Amino acid sequence: MDDTGAPHLAPWQRTAAGAGLLAANGTVAPTVFAEMSALALETGAVNLGQGFPDEDGPREVLEAAREAIASGVNQYPPGPGMPVLREAIARHQRRWYDLEVDPVREVLVTAGATEALAAAILAFVDTGDEVVTFEPSYDAYAALVARAGGVHRTVPLRFPDWVPDPDELRAAVTDRTRVILLNSPHNPTGAVLDRETLELVVELAHRHDALIVTDEVYEHLVFDGRHVPIATLPGAWQRTVSISSGGKTFNTTGWKIGWLTGPAHFVTAVLAVKQYLTFVNGAPFQPAIAAGLDLSHTYFADAAAALAAKRDVLVRGLDAAGFTTAVPRSGYFAVADAAPLGASDAAAFCRELPRRAGVVGVPVTAFVHPDRRDSVRTLVRFAFCKRREVLEEASARLASLSRQRGADARRP
């Protein structure tokens, strides 16, 4: 017990609690993602719960990895990342965003974006520091903040428009705020934060002397317009660490090649933590992702257009099944409200869905703090980063929900 009489939690238990994974008996409960994937295997359902593509990335990227392996690029790379990739990242930032980045001092290669986020939070957040995110949010955020000893504050994004209330954002950011953790394009909602919101974040960061850490892994998967990194806004660069990765852009999520860019003193601080996490990773995949970053504009435009077409297939299927669907502007996922189908609890609905309709989704309650789950209690996230025929099969299966609903309505 601590001084208040509350049970003492070990550090690993605090981390699990921050992620919403601490069971009543003190053990770690499986994530809802693991549970739903197991249900998909058990029932033969189409798994639209996990966010990974089922098609390989561009030939040039895959061939570059094979060539690197064959030529002996199989040992530890340099701690900050291979020069070929750091230079490609710097070129990428200049090419797409007119950001001049020093590849030696202002770029760090990481084991995916998640390690970059972990190292940044552990580097900058101390016990009692507050971290502000929008919510729903990627499930790692709460766990990482808890592991650092920080306090997680959230600003709600509300279905179906997912637009934050500026006053709620102003109220959340205070002098206790150490980091504003910004995820845009956003997972799980597919929202893209508008310029007014980005400008307000910069204003608040200056007013309260907070850092901005971004998660921009879907930067090239925006379906209408182009991604605007907050680091490009006036006054933002000097207090921003920008994080991205190659997994989503090049359909190589299993390679776990991520990176961050920012002022040299921030990069040095993150490297001090990162070198004791993975140390280094993915030697042959680093030159391959470098090759991907140098692909033509056509590749990036075509990748976004192809994913937008898949989005449309799934959204049509969800609407036809009776869901109310928020059309995502980016990313891999669509969020749909199952309330019109009679659902009152998304978690229970998702556990039943594989047997009712042969499809797996994930309840959005997995992406919010327990005390806010009522606000998303009937919302379900579905992944559309799958082959078109898989999405068409899922849509056909989901159509049975509408038929079931109609039959129930006709019963005397």
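On a predicted model such as this, the values are computed, not experimentally measured, just so you know. (Residues numbered from 1 in each chain as written. Predicted model: local features only at pLDDT ≥ 70, side-chain atom pairs only at ≥ 80, totals over all residues. Heavy atoms only, no water.)

A. Region of the structure containing the UniProt feature "domain: Aminotransferase class I/classII large" (unreviewed entry) in the chain. Mapped onto this numbering, the UniProt entry gives "domain: Aminotransferase class I/classII large" (unreviewed entry) at residues 46-394. Secondary structure content for residues 46-394 is 38% helix and 17% strand, while the C-alpha to C-alpha distance between its ends is 6 Å. (UniProt positions renumbered as here; feature names shortened; annotations may be inferred. Helix = DSSP H or I, 4+ residues; strand = E, 2+ residues; numbered from the N terminus.)

B. View of the pairing of strand β6 (residues 211-215). Counted residue by residue, β6 has five buried out of five residues, so it is predominantly covered. The side-chain alternation of β6 yields two buried faces, one formed by Leu211, Val213 and Asp215 and the other by Ile212 and Thr214. Traced from strand β5 (residues 177-183) through helix α8 (residues 195-207) to β6, the parallel crossover comes out right-handed. As defined by bridge partners, β6 adjoins strand β7 (residues 240-245) across four bridges and the pair is classed as parallel. If you follow Ile212 over to β7, its bridge partner there is Thr240. (Buried < 20%, exposed > 50% of the residue type's maximum accessible area, 1.4 Å probe, protein only. Right-handed = clockwise from strand over helix to strand, strands pointing away. Pairing = 2+ DSSP bridges.)

C. Summary view of the state of the cysteines. Under the defined criterion, the tally for this structure stands at zero disulfides. Distance from the sulfur of Cys350, which forms no disulfide, to the nearest cysteine sulfur (Cys385) is 16 Å. Look at Cys350 and you get buried, because its relative accessible area is 0%. On the accessibility criterion, Cys385 (3% relative accessible area) is buried. (Disulfide = S-S within 2.5 Å.)

D. Structural detail: the packing of helix α5 (residues 112-124) against helix α9 (residues 264-274). Contact pair α5 / α9: the axes reach a minimum separation of 8 Å and the direction vectors enclose 105 degrees. With respect to α9, the axis of α5 lies roughly perpendicular. Contact residues: α5 offers Glu115, Ala119, Ala120, Leu122, Ala123 and Phe124, while α9 offers Phe266, Ala269, Val270, Val273 and Lys274. Of the residues belonging to the contact of α5 with α9, the class tally is nine nonpolar, no polar and two charged. (Axes fitted to C-alpha atoms, helices over the stretch in contact; angles between N-to-C directions. Parallel < 35°, antiparallel > 145°, perpendicular 65-115°, else oblique. Contact = heavy atoms within 4.5 Å. Nonpolar A, V, L, I, M, F, W, Y, C, P; charged D, E, K, R; others polar.)

E. Region of the structure containing the sheet that holds β7. Strand order in the open sheet made by the seven strands is β2-β8-β7-β6-β5-β3-β4, with mixed pairing throughout. This sheet does not close on itself; its edge strands, each paired only once, are β2 (107-111) and β4 (151-156). Between one strand axis and the next, the sheet turns by 25 degrees as a mean value, whatever way the strands run. Inspection of the sheet shows β2 paired to strand β8 (residues 257-261) by five bridges, in the antiparallel sense. Opposite Val107, over in β8, you have Thr261 as the bridge partner.

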